[in-house]
Amino acid sequence: MTSAGDPGALAGLLDREAVRDLVARYAFAVDDHDLDALAQMFHPEAVFDRDGHLATGWPEIAETLGASMRGFQRMIHTPHAVVVELTGADTATGASSGHGELVTRRGVVLAAYRYRDEFVRHEGRWVFARRAVRFLYATSADTYAATLAEVDRVRFPGDEPRPSTVVPLLHPGA
């Protein structure tokens, strides 16, 4: 067990804060459609999981994120809670939540999401080794109130409505 005066405790706090900064910088880079900045945030062999659709390695992740960015004229992601657990000197896991406002040619989509992450220290900095996003809901701003209570509340433009696949953080075996 470490105490507040232990240098290991300070290093752990600094690492957790660096991971939290990574999560925030990711939101800014996605909103800015900045693939160059995002490239620095992922391990070269990382996995990005968007509702079960996997992209492995930076080239595939860049294509997945780029396609999403091309589909939205404006993206505003607002991260909320970020929980980080250091699992080793150079590894960590985490979960975060947030909301997004996404502008398409068809209108505005409102969304709430959760990420489950695995982080690794790579070349002296924390990066994503695995990033998995699930949506609590995604719906047109015009139908938000009616959609939120529905089972099939994940409704991206052009996709069939589907239920949320978010697993509670405290779910046994999750």
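Higher on the page you've got the structure.
Residues numbered from 1 in each chain as written. Predicted model: local features only at pLDDT ≥ 70, side-chain atom pairs only at ≥ 80, totals over all residues. Heavy atoms only, no water.

K.L.:
What is the right way to look at the overall build of the protein in this model?
P.N.:
Per the secondary structure count, the protein includes four helices and six strands. Reading the protein from its N terminus to its C terminus gives the helix and strand order α-α-β-β-α-β-β-β-β-α. Taken over the C-alpha trace, the protein has a radius of gyration of 17 Å; the compact-globule value for 174 residues is 16 Å, and the two agree within 12%. Each of the 174 residues in the protein was classed as buried or not, and the buried ones make up 37%. Taking the contacts inside the protein whose residues are at least 6 apart along the sequence as the reference set, 50% of them involve residues at least 24 apart. Positive and negative charge centroids in the protein, built from 18 and 24 side chains respectively, lie 4 Å apart. (Helix = DSSP H or I, 4+ residues; strand = E, 2+ residues; numbered from the N terminus. Rg over C-alpha atoms; globule rule 2.2 N^0.38 Å. Buried < 20%, exposed > 50% of the residue type's maximum accessible area, 1.4 Å probe, protein only. Contact = heavy atoms within 4.5 Å. Lys, Arg positive; Asp, Glu negative; His and termini not counted. Charge placed at Lys NZ, Arg CZ, Asp CG, Glu CD.)

K.L.:
How do you make sense of the pattern of salt bridges when you look at a structure like this?
P.N.:
If the charged atoms of two oppositely charged side chains come close together, the side chains can form a pair. For the structure on display, the rule yields eight salt bridges. Note that E63 is salt-bridged to R70, the shortest N-O span being 3.0 Å. Among the salt bridges present, the one from R131 reaches D117, with a minimum N-O distance of 2.7 Å. With R131 in strand β6 (residues 125-140) and D117 in strand β5 (residues 107-122), this pair connects stretches of sequence that are 14 residues apart. Three or more residues joined by partner-sharing salt bridges are found here, namely D15, D90 and R121. (Salt bridge = Lys/Arg side-chain N within 4 Å of Asp/Glu carboxyl O.)

K.L.:
For this particular structure, what's the right way to read the pairing of β6?
P.N.:
Strand residues, when the strand is regular, have side chains that alternate between the two faces of the sheet. Alignment of strand β1 (residues 42-50) against β6, held across five bridges, turns out to be parallel. The partner of R50 across the bridge, within β6, is V133. Pairing geometry for β5 and β6, over 14 bridges, is antiparallel. Paired with V120 across the two strands is V127, which belongs to β6. Counted between consecutive antiparallel strands, the loop separating β5 from β6 contains two residues, among which E123 sits at a positive phi close to 55°. (Pairing = 2+ DSSP bridges.)

K.L.:
It is not clear to me how the side chain of D49 should be interpreted in this structure. Could you clarify?
P.N.:
Of note, D49 is situated in strand β1. Judged by relative accessible area, D49 falls into the buried class, the value being 5%. A polar side-chain atom of D49 sits 3.0 Å from a polar atom in the side chain of R134. Residues contacting D49, with those up to four places away along its chain left out, are L54, R130, R131, A132, V133 and R134. (Polar contact = N/O pair within 3.5 Å; in protein donor to acceptor, adjacent residues only side chain to side chain.)

K.L.:
Mind showing me how you'd approach the packing of aromatic side chains here?
P.N.:
Describing an aromatic ring pair means giving the distance of the ring centres and the angle of the ring planes. Going through the model one piece at a time under the given rule, you end up with ten aromatic pairs. Measuring from centroid to centroid gives 6.4 Å for F42 and F48, while their planes differ by 80°, and the two rings are edge-to-face. Residue F42 is classed as buried on the basis of its relative accessible area, which comes to 4%. Looking at F48, the relative accessible area reads 2%, which means it is buried. (Phe/Tyr/Trp six-rings, centres within 6.5 Å; stacked < 30°, edge-to-face > 60°.)

K.L.:
Explain the side chain of D15 here, please?
P.N.:
Summarising the element assignment, D15 is placed in helix α1 (residues 7-31). Among the polar contacts made by the side chain of D15, one reaches the side chain of R121 at a distance of 3.0 Å. If sequence neighbours within four positions are ignored, D15 has contacts with L86, A89, R121 and W126.

K.L.:
So what exactly am I meant to see when it comes to the sheet that holds β6 here?
P.N.:
Strand pairing in a sheet relies on backbone hydrogen bonds, with the paired strands running either antiparallel or parallel. The strand order across the open sheet formed by six strands is β2-β1-β6-β5-β4-β3, and the pairing between neighbours is mixed. The open sheet has two edge strands with one neighbour each: β2 (53-56) and β3 (74-86). Sheet twist, expressed as the average angle between the axes of neighbouring strands with direction ignored, equals 15°. α1 contacts β1, β3, β4 (91-104), β5 and β6 of the sheet and is inclined by roughly 165° relative to β3. On top of the sheet, helix α3 (residues 58-71) reaches β1, β2, β3 and β4; it is set at about 50° to β1, its chief contact. (Axes fitted to C-alpha atoms, helices over the stretch in contact; angles between N-to-C directions.)

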